[in-house]
Amino acid sequence: MKISAYAAPSAGAPLEPTTIERRDLRSHDILIDIKFSGICHTDIHQGREEWGQAIFPMVPGHEIAGVVTDVGSAVTKFKVGDHAGVGCFVDSCRECEHCKAGLEQYCQGHISVTYNGREADKETPTYGGYSTAIVVDENYSLTIPAGLGLDVAAPLMCAGITMYSPLHRWGAGPGVRVGIVGLGGLGHMGVKIAHAMGADVTLISHSPHKEADALRLGADHFLLSSDKEAMKAARSTFDLIINTVSAKLDLDRYMSLLALDATMVMVGIPEEALSLRTFTLIAARRSLAGSNIGGIKETQDMLDFCAEHGLGSDVEIIDAQEINSAWERVINSDVKYRFVIDASTI
Ligand SMILES: [Zn+2]
Ligand SMILES: [Zn+2]
C-alpha cells in the first residue's frame, strides 16, 4: 500500500513530503497506524550521512507509537485497536546466540534497523516513523500499555530503553548512587527512570541552568561539572554513572567520580575517539562500559515499568512541516526534551 511520509531525498537535503510503499501483511505482520514519531539525534546523523554511507531516499524515525489497524493471519500478540510501538530495529537473524537470548540489538547476523537499513532479504530498504503507517512483524513490535499516552510513549522506544537497559543491567536501585551525565533527550529519561528505580540520583551537567529541571524530573542532587571544587569533592562517590554526552569529553574527570568497583556506561556517541589514563581505572578498580538500546523483551519490560510508574518523555509536539527546523533545534540542544511529530500532519 502507498502511504505518506517525510523523506530526505539525498544526504543533507531538507526533508520533504513523499509517498512510500509498505508491504502487504505477512502472516505474522501487524499494520500500525502511526500517531506519533519521536525525533532522535540519530535521525540527523544518518540523514546527513555523518555515520558512513546511507540509503536515500531516507524516511527516518525509530520512536514510533500508534494503533494496530490490521493483523496477519497468524498474529497472536496483537489485535486491532491495540496500542503498539516500534523502536530501533524491525527484524534480526533470529538464530544467533544473542537473538536467542533476547539481545537482538547485538545480533551477530543481519539486523534490520528501522530505517536506513535492509529487510531480511538484505535488499528492500527499510523506512521509519516519519510516516503515517508501518508494517512490522509482531515479534519486533511492542505493546504500549494503557495509561501511557502515545505522544509521551514514542520517545521511550529509543531514549527510554537506551537509559533503562544500563540502569537495569548495572543494578540501579535503592542505596545505589547513580550519576546521569547530560540532561537532554536521553538524560531526562535517565533521571526519571533511575529515580523510579529508587536510586539516589545526581544529574551532572556543565550548565547551571539545568539544575531546576533536573530536580523537578526526579534528581536528588545536581553536580556542576565546570565547578572544579564540587567535582573534587564528589570524587569516588558514585556507584554507577550513565554518560549520555555525545561531544568530546574528558573521561578521566568523570571516571574519577566512581567509587571502588563502580562503572561508567557510555550511551552517547562522540564522533572523536576518547582517551583515558589507565591510572584512573586501576586506582579504584573502576570499569568503563558501553550499552546500545535493548532487546524486545527488555524494551517491553521498560514500557511496563514506565506505565506502572507513570513515566513518559517530556515532549514538544510538532507538525511534520516543522521537521527541518526541529532538526536544527535538536542540534542546538533547544528542545525540552524530545520533539514528537504528530503523524496526522504528514
Ligand atoms: Zn534513537
Ligand atoms: Zn541474530
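So, here's what we can say about the structure. Because the structure is predicted, anything quoted here is derived from the model rather than measured. (Residues numbered from 1 in each chain as written. Chains lettered and ligands numbered in written order. Predicted model: local features only at pLDDT ≥ 70, side-chain atom pairs only at ≥ 80, totals over all residues. Heavy atoms only, no water.)

Further remarks concern the coordination of the zinc ion (ligand 1). At the metal site, the zinc ion (ligand 1) is ligated by C40 (SG), H62 (NE2) and C158 (SG), and these contacts range over 2.0 to 2.2 Å. Coordination of the zinc ion (ligand 1) draws on donor residues from a single chain, spaced C-x21-H-x95-C in sequence. Taken together, the residues C40 in the loop between β3 (29-38) and α1 (41-47) and H62 in the loop between α1 and β4 (64-71) connect sequence positions 22 residues apart. The class for H62 is buried, based on a relative accessible area of 7%. (Donors = N, O, S within 2.8 Å, 3.2 Å for Na, K, Ca; no water. Helix = DSSP H or I, 4+ residues; strand = E, 2+ residues; numbered from the N terminus. Buried < 20%, exposed > 50% of the residue type's maximum accessible area, 1.4 Å probe, protein only.)

Our next topic: the packing of aromatic side chains. In this structure the tally under the stated criterion is 3 aromatic pairs. On the basis of an interplanar angle of 65° and a centroid distance of 6.4 Å, the ring pair of Y130 and W327 is categorised as edge-to-face. In this pair, Y130 is assigned in the loop between β7 (112-113) and β8 (133-137) and W327 in helix α11 (residues 323-331), connecting sequence segments 197 residues apart. Residues Y130 and W327 agree in their burial class; the two are buried. One cation-aromatic arrangement involves R169 over W170; the distance from NZ or CZ to the ring centre is 5.0 Å. (Phe/Tyr/Trp six-rings, centres within 6.5 Å; stacked < 30°, edge-to-face > 60°. Lys NZ or Arg CZ within 6 Å of the ring centre and 35° of its normal.)

For the coordinates displayed, the defined rule picks out 20 salt bridges. R177 is the partner of D239 in a salt bridge, and the nearest nitrogen-oxygen pair spans 3.0 Å. Of this pair, D239 sits in strand β13 (residues 238-243) while R177 sits in strand β10 (residues 177-181), placing them 62 residues apart in sequence. When its relative accessible area of 27% is taken as the criterion, D239 is described as partly exposed. Several salt bridges share partner residues, and in doing so they unite K192, D213, R216, D314 and K336 into one network. (Salt bridge = Lys/Arg side-chain N within 4 Å of Asp/Glu carboxyl O.)

Space left empty within the atom packing is revealed by a probe, the size of a water molecule, rolled over the atoms. Approximately 320 Å³ is the volume attributed to the second largest pocket. Tallying contributions element by element places β8 first for the lining of the second largest pocket, with 4 residues. Residue classes in the lining of the second largest pocket are distributed as 7 nonpolar, 4 polar and 8 charged. (1 Å grid on protein atoms, 1.4 Å probe; cavity = no way out; pocket = protein on both sides within 12 Å on 5 of 7 lines; lining within 4 Å. Points joined across faces, edges and corners; volume = space filled by probe spheres on them. Nonpolar A, V, L, I, M, F, W, Y, C, P; charged D, E, K, R; others polar.)

So, on to the coordination of the zinc ion (ligand 2). Looking at the zinc ion (ligand 2), the protein donor atoms are C93 (SG), C96 (SG), C99 (SG) and C107 (SG), and they sit 2.3 to 2.4 Å from it. Classification of the site at the zinc ion (ligand 2) rests on its 4 donor atoms, whose angles at the metal span 103 to 120°, yielding the label tetrahedral. Using a relative accessible area of 12% as the deciding quantity, one classes C107 as buried. (Tetrahedral: all angles 85-135°; square planar, octahedral: opposite > 155°, others 65-115°.)

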